[in-house]
Every structure is written in structure tokens, then in C-alpha cells.
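Structure assessment
Residue strings, one per chain:
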Amino acid sequence: MSIFQFISDFFRDSAHWHGEDGIPHRVLEHLGYSFMALGIAGGLALPLGLVTGHTGRGGNALALIATAARALPSYGLLVLMFFWLGIGLTPVMIPLVALAVPPILLTSYEAMRTVDPAPVDAARGMGMGPAAVLFQVELPVALPLILSGLRSAAIQVVSTTAIAAVVSLGGLGRFVIDGLNQRNYETVVGGATLIAGLALAMIALFWLVGRVAVSPGVRGGR
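Residues numbered from 1 in each chain as written. Predicted model: local features only at pLDDT ≥ 70, side-chain atom pairs only at ≥ 80, totals over all residues. Heavy atoms only, no water.

Here's the deal with the packing of helix 2 (residues 23-55) against helix 9 (residues 185-213)
- Remark: helix 2 packs on helix 9, axes separated minimally by 12 Å, with the N-to-C direction vectors making an angle of 50°. Considering the angle they form, helix 2 stands oblique to helix 9. Note that helix 2 runs across helix 9; the crossing there is right-handed. Contacts between helix 2 and helix 9 pair Ile-23, Val-27, His-30, Leu-31 and Phe-35 from the former with Leu-194, Ile-195, Leu-198 and Met-202 from the latter.
- Partitioning the contact of helix 2 with helix 9 into residue classes produces eight nonpolar, one polar and no charged. (Axes fitted to C-alpha atoms, helices over the stretch in contact; angles between N-to-C directions. Helix = DSSP H or I, 4+ residues; strand = E, 2+ residues; numbered from the N terminus. Parallel < 35°, antiparallel > 145°, perpendicular 65-115°, else oblique. Left-handed = near helix turned anticlockwise from the far one by under 90°. Contact = heavy atoms within 4.5 Å. Nonpolar A, V, L, I, M, F, W, Y, C, P; charged D, E, K, R; others polar.)

See the structure below:
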């Protein structure tokens, strides 16, 4: 049987569209875990990257943190946290946040460093304070690159959130894990297709956010 037949059979089966094991419920669970991890990572990495990029200090420390976080294997860290903390969201959030922090941290820092200094100096000469310069001058120009880091983090997290099923949580990983345990490859392929579809949806979502949030002048300059 071909992979396309597996996909067709999975989505045509009405049993996959109802109840707690149905596709809608699993998609919502998967997105919930993913956006929770992205929110935590953004809350940690964005302020740090913006401030260090604004001041021009701490770049080497950020690179060290990002390199160390990227070196952590998500699955191995999940297993370690599971044995340490037990069943729950925390063992899942830790590897997902560690995965999302590096791209957000580095791109926000680099975005601030690539802002043209001329308008920044002009704003300071007009008497604008550091916070006003950051949010009114630097941030709008740096926003496209910041969004690219958030997009990269979102794609990686959505693709990796399937590991939540390893520790008995929900999400689309349930289709993959349960399908493998039952040797039901139709379910495995269907779950993998849904995960890939969500990753592609993140690309489309951030493209739309960029069209709405980034000014036409900045888009044209980029």
C-alpha cells in the first residue's frame, strides 16, 4: 500500500474525527503545548535579545547560551526530565523551550544590531529616551528579522511537540506513538502528515503576521 493510500484512508475514517482521540481534539492539544512553549521561550529570549542588541553588550554570552541550548537533544532531555519530575507538562515544556530559545534569542539580538545607526542617532539628538528609541525607532525596523526567528522557533516546536506523547500526554504525537505500538501504519502516516501540515501552517501564519505588522517601507527595504 502506498503512502498516499495510508493518508487517504486515515482522513476518510470517520472514527478519527470524533472524541478525545479525534483529529480536532489532538490538533488543539498539540497547538496548546506548542504555543505554551513558544510563549515561555519568547518571554525569556525576546527581552534579553532586544536589550543586549540595543546596548551592544553581551553578544558573546548570548552565542554561548544559544549554542549550549542547541546542543541539548530534545528527546533525551525529555526522558531525563520525566524521570526527575514525573508525568506532567513541565518535563515536556523544558525541552521545547530549550529548542525555541536559541533562534529567538539570536535573531532578536542580530536584528537590533543591524538597525541603521543614523535614525537612532537622530532620535537621540531629538531628545528621545532609551526606551522610546528602542520601541519607536529600532524595533519597527528590526521586526522582520525578529519575526523570522519566531517563525523558525515555531516550526521547530510544532514539529517536536510530538514527543509529548512519549510521556503519556496528548497532541498529534499520540497518532504516531499509538500507531507504532499497534503496528497501524495508516495512523502513523496520518499523524506525521498532520504534524507536517501544522509546521507549514506556521509558515503561512507568520507570513500573514509580517504582512500586517511590518510597515510597507520596512518590507520594501528588506
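Past the structure itself, the notes keep going.
With respect to the environment of Met-112
- Checked against the element boundaries, Met-112 lands in helix 5 (residues 90-113).
- In this structure Met-112 touches Gly-49, Leu-50, Gly-53, His-54, Leu-134, Glu-138 and Ala-142, once residues within four positions along its chain are discounted.

Some points on the nonpolar core
- Val-92 and Leu-172 are the most contacted members of the largest nonpolar core, which has 50 residues in total.
- Those elements that place two or more of their residues in this core are helix 2, helix 5, helix 6 (117-125), helix 7 (130-160) and helix 9. (Core = buried A, V, L, I, M, F, W, Y, C linked by side-chain atoms within 4.5 Å. Buried < 20%, exposed > 50% of the residue type's maximum accessible area, 1.4 Å probe, protein only.)

Some points on the layout of surface pockets
- Taken as a whole, the second largest pocket spans an internal volume of roughly 160 Å³.
- Looking at which element gives the most residues to the lining of the second largest pocket, the answer is helix 8 (residues 173-182), with four residues.
- Residue composition of the lining of the second largest pocket, grouped by class: two nonpolar, five polar and four charged. (1 Å grid on protein atoms, 1.4 Å probe; cavity = no way out; pocket = protein on both sides within 12 Å on 5 of 7 lines; lining within 4 Å. Points joined across faces, edges and corners; volume = space filled by probe spheres on them.)

As for the pattern of salt bridges
- A full pass over the atoms with the stated rule returns three salt bridges.
- Residue Glu-29 is joined to Arg-26 by a salt bridge in which the shortest nitrogen-to-oxygen separation is 2.7 Å. One end of the pair is Glu-29 and the other is Arg-26, both in helix 2 and three residues apart, which spans about a single turn. Grouping residues by exposure puts Glu-29 and Arg-26 together as buried.
- A cluster of three or more residues bridged by salt bridges with shared partners is formed by Asp-21, Arg-26 and Glu-29. (Salt bridge = Lys/Arg side-chain N within 4 Å of Asp/Glu carboxyl O.)

Observations concerning the side chain of Thr-52
- Positionally, Thr-52 belongs in helix 2.
- Using a relative accessible area of 10% as the deciding quantity, one classes Thr-52 as buried.
- A polar side-chain atom of Thr-52 sits 2.7 Å from the main-chain carbonyl oxygen of Leu-48.
- Only 3.2 Å separates the side chain of Thr-52 from the backbone oxygen of Gly-49, close enough to count as a polar contact.
- What Thr-52 contacts, discounting residues up to four positions off in sequence, is Arg-57, Leu-62 and Tyr-109. (Polar contact = N/O pair within 3.5 Å; in protein donor to acceptor, adjacent residues only side chain to side chain.)

Observations regarding the packing of aromatic side chains
- Summed over the entire model, instances satisfying the criterion amount to four aromatic pairs.
- Relative to Trp-17, the ring of Phe-11 has its centre 6.3 Å away and its plane inclined at 45°; by these criteria the two rings are tilted.
- In this structure Trp-17 comes out as partly exposed when scored by relative accessible area, which is 37%.
- With centroids separated by 5.5 Å and ring planes inclined at 70°, the aromatic side chains of Phe-82 and Phe-83 adopt a geometry described as edge-to-face.
- What makes Phe-82 partly exposed here is its relative accessible area of 25%.
- On the basis of relative accessibility, which here comes to 68%, the residue Phe-83 falls in the exposed class. (Phe/Tyr/Trp six-rings, centres within 6.5 Å; stacked < 30°, edge-to-face > 60°.)

Some thoughts on empty space enclosed by the protein
- Inspection of every chain in the model, using the stated rule, returns one cavity of 30 Å³ or more.
- Roughly 30 Å³ of internal volume is contained in the largest cavity.
- Lining the largest cavity are Ala-69, Leu-72, Pro-73, Ser-74, Leu-77, Pro-95, Ala-98 and Leu-99.
- Looking at the lining of the largest cavity, the elements with two or more residues in it are helix 4 (74-85) and helix 5.
- The element that contributes the greatest number of residues to the lining of the largest cavity is helix 5, accounting for three residues.
- Per-class residue counts for the lining of the largest cavity are seven nonpolar, one polar and no charged.

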